Each structure stands twice: as C-alpha cells, then as structure tokens.
Amino acid sequence: MLRESDPRSKSRSLADWFKDKPIEIRNNFNHFVKQYKVIGDVTVRGVKNMIVISTKRKGIAYIVPRKSFIDIVFPFETAYSDTLCFHKVVQNSAGKKEFNHYFRLMAKEDVNEEVKGYMAEAYRRGA
C-alpha cells in the first residue's frame, strides 16, 4: 500500500491522463470501469504513473492509456499463460509469487466474457 509521503501516491487527474488522447480511448476506459462496477464496488484514481482500480482493500487493475489503446495489468498469484486475452504474463519483479497479466484494450468488444471472468477473479482476490 502506498503511503501519502510516497511520491508514487501523488495524484494525477483522470482528465490529465486522457489529455491529447482520442475520445475513443476515454470511451473504452469508461466502458471498462462500468463493467467493473457491475462486478462490485470499486474506486478509480489517477496516480503519478498509472490509473488504479481498487477495492476497499487493494488495487486490482493498473491502467495506462496510450495513443491508440489502453494497457491494463491484472496481478494474480497464478500465471494464466494459456489465454487469448493476455498478450504477456510476467512474474512480478518484487520477488512475490505474483504474476502481472497484460491486457490490451483497443475496443469495447475486447471486454468479452473471458476478460470479465478475470476481472471478477481480480475483484474477489482484492475483496
């Protein structure tokens, strides 16, 4: 958990994150967040290096909007390498038994049933 004195905890507004990005990027982000809110109660906040979706207990998805897509990372204790939705799975460098799963959101349709299943798992893990 980040402390207020930690420089990584400095906030950056969502408007700043989407400045100079195509409107489709913001629309795709809004769609992703809306799908998460169907799963459960989450908060969304911009910090210095990313946007974080959190439960009351912990962060469950980490987001960086790019020019033509959105990078989303889900941390799981298991490596789910045999999926269609993750383009990269990497063990967390912090030495924990945690694997970062990279999902690239390019269109609303990318948030399909497989992705929603992993979103729900991340939510359960963070609840």
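For the structure itself, consult the block above.
Draft legend 1. Molecular detail of the packing of aromatic side chains. Considering all chains together, one arrives at 9 aromatic pairs under this definition. Geometrically, the ring pair formed by phenylalanine 32 and tyrosine 36 is edge-to-face, given 5.6 Å between the ring centres and 85° between the ring planes. Taken together, the residues phenylalanine 32 and tyrosine 36, both in helix H2 (residues 23–39) and 4 residues apart, mark about one turn of the helix. As far as the burial class goes, phenylalanine 32 and tyrosine 36 line up, both buried. Measuring from ring centre to ring centre gives 6.1 Å for phenylalanine 74 and phenylalanine 86, while their planes differ by 65°; the resulting arrangement is edge-to-face. With phenylalanine 74 in strand S4 (residues 70–76) and phenylalanine 86 in strand S5 (residues 86–91), this residue pair connects regions lying 12 residues apart in the sequence. The residues phenylalanine 74 and phenylalanine 86 share a single accessibility class, namely buried. Joined through ring pairs, the aromatic side chains of Phe32, Tyr36, Phe74, Phe76, Tyr80, Phe86 and Tyr118 make up one cluster. Just above the ring of tryptophan 17 sits the side chain of arginine 12; from NZ or CZ to the centre is 3.8 Å. The ring of tyrosine 102 is capped by lysine 88, whose NZ or CZ atom sits 4.4 Å from the centre of that ring.

Analysis parameters
As a convention, each chain's residues are numbered from 1 in the sequence order in which they are written. Where totals are concerned, whole chains, interfaces and linings use all residues; where local detail is concerned, this predicted model gives features only for residues with pLDDT of at least 70, and gives and counts side-chain atom pairs only at 80 or more. Side-chain measures were taken over the full set of non-hydrogen atoms in the model, leaving aside hydrogen atoms and water. Only centres within 6.5 Å qualify two rings of Phe, Tyr or Trp (six-membered ring in Trp) as a pair; their planes then separate them into stacked at under 30 degrees, edge-to-face at over 60, and tilted for everything else. Secondary structure is summarised from DSSP: a helix means a run of H or I of at least four residues, a strand means a run of E of at least two, and numbering begins at the N terminus for each. Each residue's exposure class comes from its accessible area (1.4 Å probe, protein chains only) as a fraction of the maximum for that residue type: buried when under 20%, exposed when over 50%, partly exposed otherwise. In this scheme, Lys NZ or Arg CZ marks a charge over a ring once it lies within 6 Å of the ring centre and within 35 degrees of the ring normal.

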